[in-house]
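This is what each chain is made of:
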Amino acid sequence: MISKELLDILACPKCKEPVRLDEENAGLVCDACRLRYPIRDDIPVMLIDEAEPLAGTEPTDNGA
Ligand SMILES: [Zn+2]
């Protein structure tokens, strides 16, 4: 479980904005980047290379 104190100091490595815990407490979400950082063994993996794009929320204003 990620503590509130830890969550408060975590930031997205890409945009430096605060992240939030996702609904399943299984990842940390940056709403600005639409990325989800995994949590492994209760340790947040704040690496852009490890982040997954959020599903179903891609911008549609400039679609192919
Ligand atoms: Zn970000």
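It should be emphasised that the depicted structure is a prediction, and the values quoted were computed from it without experimental measurement. (Residues numbered from 1 in each chain as written. Predicted model: local features only at pLDDT ≥ 70, side-chain atom pairs only at ≥ 80, totals over all residues.)

*Asks:* Please give an account of the overall build of the protein that cites residues and values.
*Replies:* Each helix and strand in the protein was counted, giving 1 helix and 5 strands. Mapped in sequence order, the helices and strands of the protein form the string α-β-β-β-β-β. In the protein, the share of contacts with a sequence separation of at least 24, taken over all contacts with a separation of at least 6, comes to 18%. (Helix = DSSP H or I, 4+ residues; strand = E, 2+ residues; numbered from the N terminus. Contact = placed C-beta atoms within 7 Å.)

*Asks:* For the nonpolar core, give the residues involved together with the corresponding values.
*Replies:* Core analysis: the largest hydrophobic core is formed by 7 residues, namely Cys12, Val19, Leu28, Cys30, Leu35, Tyr37 and Ala51. Sorting the residues of this core by element identifies strand S2 (27-30) and strand S3 (35-40) as the ones contributing at least two each. Residues contacting tyrosine 37, with those up to four places away along its chain left out, are Val19, Gly27, Leu28, Pro44, Val45, Met46, Glu50 and Ala51. (Core = buried A, V, L, I, M, F, W, Y, C linked by C-beta atoms within 7 Å. Buried ≥ 20, exposed ≤ 12 C-beta atoms within 10 Å, placed from the backbone.)

*Asks:* Describe the pairing of S2, listing the residues and the values that go with them.
*Replies:* One face of the sheet, then the other: side chains in a regular strand alternate in exactly this way. Direction of pairing for strand S1 (residues 20-21) relative to S2: antiparallel, over a ladder of 2 bridges. Its bridge partner being in S2, arginine 20 is matched across the sheet by valine 29. Where S1 folds back onto S2 in an antiparallel hairpin, the turn is made up of 5 residues, including asparagine 25, whose phi is positive at roughly 55°. Bridge count for S2 against S3 is 4 bridges, and the pairing is antiparallel. Residue pairing for S3: leucine 28 is matched across the bridge by tyrosine 37. Taking the residues that link successive antiparallel strands as the turn, the S2-S3 hairpin has 4 residues, and the phi of arginine 34 there is positive, at about 55°. (Pairing = 2+ DSSP bridges.)

*Asks:* Describe in detail the environment of valine 29, supporting the description with residues and values.
*Replies:* Turning to its location among the elements, valine 29 is positioned in strand S2. Taking the C-alpha atoms as reference points, valine 29 and glutamate 52, separated by 23 residues in sequence, lie 9.4 Å from one another. Setting aside its immediate chain neighbours within four residues, valine 29 contacts Val19, Arg20, Asp22, Arg36 and Leu54.

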